[in-house]
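The residues making up each chain are set out below.
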Amino acid sequence: MPGMLLGDIVPNFEADSTFGRLKLHDFLGDSWGVLFSHPRDFTPVCTTELGRAAQLSPEFSRRNVKLIALSVDSLEDHHSWSKDIMAYNNMDAGSEFPFPIIADDRRHLVEMLGMLDPEEKDQTGMPLSARCVFVIGPDKKLKLSILYPATTGRNFDEILRVVDSLQLTAHNRVATPVDWRPGDSVMVPPSIPEQEAMTLFPAGVYTKDLPSGKKYLRYTPQPNPISSDCTDG
Ligand code: BEZ
């Protein structure tokens, strides 16, 4: 199945969405993007996922990230289901669903982008879209991809966390360790020699002593995040 590799330019596809006809690169403009697929409208796990994404949408906006959902259902279904999601979230029924949902009912995009789950089929035996997440940089390149099967719901707080790491590491020569949260110390990558690290990180570099004697576990305080609306991400 075709798919995308990290660093690939995400195709500038056109599609119908609940926000009208959308051309991906134009819709994103200078923003980051999170394009994520779900198996089917009017299903329980998907409802909880899109509900959580809707709750977190102000947090994504604050980071200059545009959310876009996608499934193989029709526009009509998306409009009707969004009302269910709002009700699940106890959101005002009159308010607009905060991000577009693409109607890929002809399956062009899920096939092109490698989002199908061959293990999960609908009543007619057609494969459903998997729970795929693509984080797209302002340069329109794929920065991160996640692929979950239909039976496992994603964690949108984790997606927000990885966006924080991606935006920080796009502008600073650092890496974020396991379970990193904004404000925690970050790591100096192995490619940076000791002398260079001292000048690059004036706040200091702390190296943990290890039995091997090798000095690769190097921490430095998190550099100040640079505004995420920079376009060279
Ligand atoms: C769900 O969203 O609940 C779901 C969808 C397809 C397969 C399994 C679960």
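If you're wondering where the values come from, they're calculated on a predicted model, not measured in any experiment.

## Remarks on the site of the ligand
Around the ligand, the surrounding shell consists of P39, T43, P44, V45, C46, E120, R131 and A150. Backbone polar atom of P44 to an oxygen atom of the ligand: 3.3 Å apart, as the coordinates give it. Measuring from an oxygen atom of the ligand, one finds a side-chain N or O atom of R131 at 3.1 Å. Considered on its own, the ligand offers 260 Å² of accessible surface; in the complex 83% of this is hidden by protein. The element contributing the most residues to the shell around the ligand is helix α2 (residues 44–62), with three residues. Taken together, the residues that form the shell around the ligand break down as five nonpolar, one polar and two charged.

## Side note on the UniProt feature "active site" (unreviewed entry) in the protein chain
Within the UniProt annotation, "active site" (unreviewed entry) is assigned to C46. Structurally, C46 can be placed in helix α2. With relative accessibility at 1%, the residue C46 sits in the buried group. Once you skip the residues sitting within four places of it in the chain, C46 turns out to touch H38, P39, R40, W81 and R131.

## Regarding the sheet that holds strand β11 (residues 206–207)
Strands sit in the order β10-β12-β11 across an open sheet of three strands; the sheet is antiparallel. The open sheet terminates on both sides in strands that have one partner only, identified here as β10 (186–187) and β11. Where β11 and strand β12 (residues 218–220) come together, two bridges link them in antiparallel fashion. Bridging across to β12, Y206 finds its partner in Y219.

## Section: the packing of α2 against helix α3 (residues 75–88)
At their nearest, the axes of α2 and α3 sit 9 Å apart, and the two run at 70° to each other. Our classification of the angle between α2 and α3 gives roughly perpendicular. When α2 is examined against α3, the residues C46, T47, T48, L50 and G51 are found in contact with a partner set consisting of W81, I85 and Y88. Here the residues of the contact of α2 with α3 sort into five nonpolar, three polar and no charged.

## Let's talk about the nonpolar core
Core analysis: the biggest nonpolar cluster contains 27 residues, and V34, F36, L50, F60, F97, F99 and V135 have the highest contact counts within it. Looking at this core, the elements with two or more residues in it are β3 (32–37), α2, β4 (65–71), α3, β8 (131–136) and α5 (156–171). Here V135 is in contact with W32, G33, V34, K141, L142, K143, L144, V163 and L166, once residues within four sequence places are set aside. Counting 21 residues, the second largest nonpolar core, distinct from the first, contains F13, I68, L70 and I102.

Rules behind the numbers
- Residues numbered from 1 in each chain as written.
- Predicted model: local features only at pLDDT ≥ 70, side-chain atom pairs only at ≥ 80, totals over all residues.
- Heavy atoms only, no water.
- Near = heavy atom within 4 Å.
- Polar contact = N/O pair within 3.5 Å; in protein donor to acceptor, adjacent residues only side chain to side chain.
- Areas by Shrake-Rupley, 256 points an atom, 1.4 Å probe, with all protein chains shown as cover.
- Helix = DSSP H or I, 4+ residues; strand = E, 2+ residues; numbered from the N terminus.
- Nonpolar A, V, L, I, M, F, W, Y, C, P; charged D, E, K, R; others polar.
- UniProt positions renumbered as here; feature names shortened; annotations may be inferred.
- Buried < 20%, exposed > 50% of the residue type's maximum accessible area, 1.4 Å probe, protein only.
- Contact = heavy atoms within 4.5 Å.
- Pairing = 2+ DSSP bridges.
- Axes fitted to C-alpha atoms, helices over the stretch in contact; angles between N-to-C directions.
- Parallel < 35°, antiparallel > 145°, perpendicular 65-115°, else oblique.
- Core = buried A, V, L, I, M, F, W, Y, C linked by side-chain atoms within 4.5 Å.

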